[in-house]
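As a plain string of letters, each chain reads:
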Amino acid sequence: MASNLQTNLGERGLGGAGHLQQVPFDETTLVVVEVRMLKKLQPVQLEPQGWSVVPAFYGGDVNTGIFQLPLYNGSPPRELLAEMKAGDWRVALEQALASRAIKLVESASVEV
């Protein structure tokens, strides 16, 4: 399985444009990555650890690559997701950090 993942990253993640047929092109589309810890199998119990965001498209193409992203604590607030979708997502994140509506997980990041 690891070799398939490496092959896919090598083919698509290092500069080649991709196509997500099920996702219509929209420059405001964001990919939200949520990290959860599996605490229990029966019943399944997941505990949010953090989240991050990256634009789905860049320059008219699917945004491909390997990204090291900051990890924000907990789960993304729905209000913040709506603000990021409606306007400049970077500004919305900066304002949320400045107002302490969200906070960074110290010494942590996520690579996607």
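The following paragraphs examine the structure supplied in this document.

What counts, and at which threshold
Residues numbered from 1 in each chain as written. Predicted model: local features only at pLDDT ≥ 70, side-chain atom pairs only at ≥ 80, totals over all residues. Heavy atoms only, no water. Helix = DSSP H or I, 4+ residues; strand = E, 2+ residues; numbered from the N terminus. Buried < 20%, exposed > 50% of the residue type's maximum accessible area, 1.4 Å probe, protein only. Contact = heavy atoms within 4.5 Å. Areas by Shrake-Rupley, 256 points an atom, 1.4 Å probe, with all protein chains shown as cover. Salt bridge = Lys/Arg side-chain N within 4 Å of Asp/Glu carboxyl O. Pairing = 2+ DSSP bridges. Axes fitted to C-alpha atoms, helices over the stretch in contact; angles between N-to-C directions. Core = buried A, V, L, I, M, F, W, Y, C linked by side-chain atoms within 4.5 Å.

1. Topic: the overall build of the protein
Counting its secondary structure elements, the protein contains three helices and six strands. Residues counted as buried form 24% of the 112 residues belonging to the protein. A sequence separation of at least 24 residues applies to 57% of the contacts in the protein between residues at least 6 apart. Carbon and sulfur atoms provide 53% of the accessible area of the protein, an area that totals close to 8100 Å².

2. Quick word on the pattern of salt bridges
By the definition in use, this model includes three salt bridges. Salt-bridge contacts for Lys85 lead to Asp26; the nearest nitrogen and oxygen are separated by 3.3 Å. One end of the pair, Lys85, is in helix H2 (residues 78-86); the other, Asp26, is in the loop between helix H1 (2-12) and strand E1 (30-40), and 59 residues separate them in sequence. In this structure Lys85 comes out as partly exposed when scored by relative accessible area, which is 38%.

3. A few points about the sheet that holds E1
In space, the four strands of this open sheet follow the order E1-E2-E5-E6, with antiparallel pairing throughout. At either margin of the open sheet sits one strand with a lone partner, and together these are E1 and strand E6 (104-111). On average, adjacent strands in this sheet sit at an angle of 35 degrees to one another, irrespective of strand direction. Inspection of the sheet shows E1 paired to strand E2 (residues 45-55) by ten bridges, in the antiparallel sense. Counterpart to Arg36 in the pairing with E2 is Pro48.

4. Topic: the pairing of E2
Adjacent in sequence and paired antiparallel, E1 and E2 are bridged by four residues. Where E2 meets strand E5 (residues 68-73), two bridges bridge the pair, whose relative direction is antiparallel. From the neighbouring strand, Gly50 faces E5, where its bridge partner is Asn73.

5. Quick word on the nonpolar core
Trp51, Val53, Tyr72, Leu80, Met84, Trp89, Ala92, Leu93, Ala96 and Ile102 form the largest nonpolar core, which has ten residues in total. Only E2, H2 and helix H3 (89-98) provide two or more residues apiece to this core. Of all the elements, H3 adds the most residues to this core, at four residues. Apart from residues lying up to four places away in sequence, Met84 is in contact with Leu30, Trp51, Val53, Trp89, Ala92 and Leu93. By size, the runner-up hydrophobic cluster in this structure holds five residues, among which are Val33, Val54, Leu71 and Val110.

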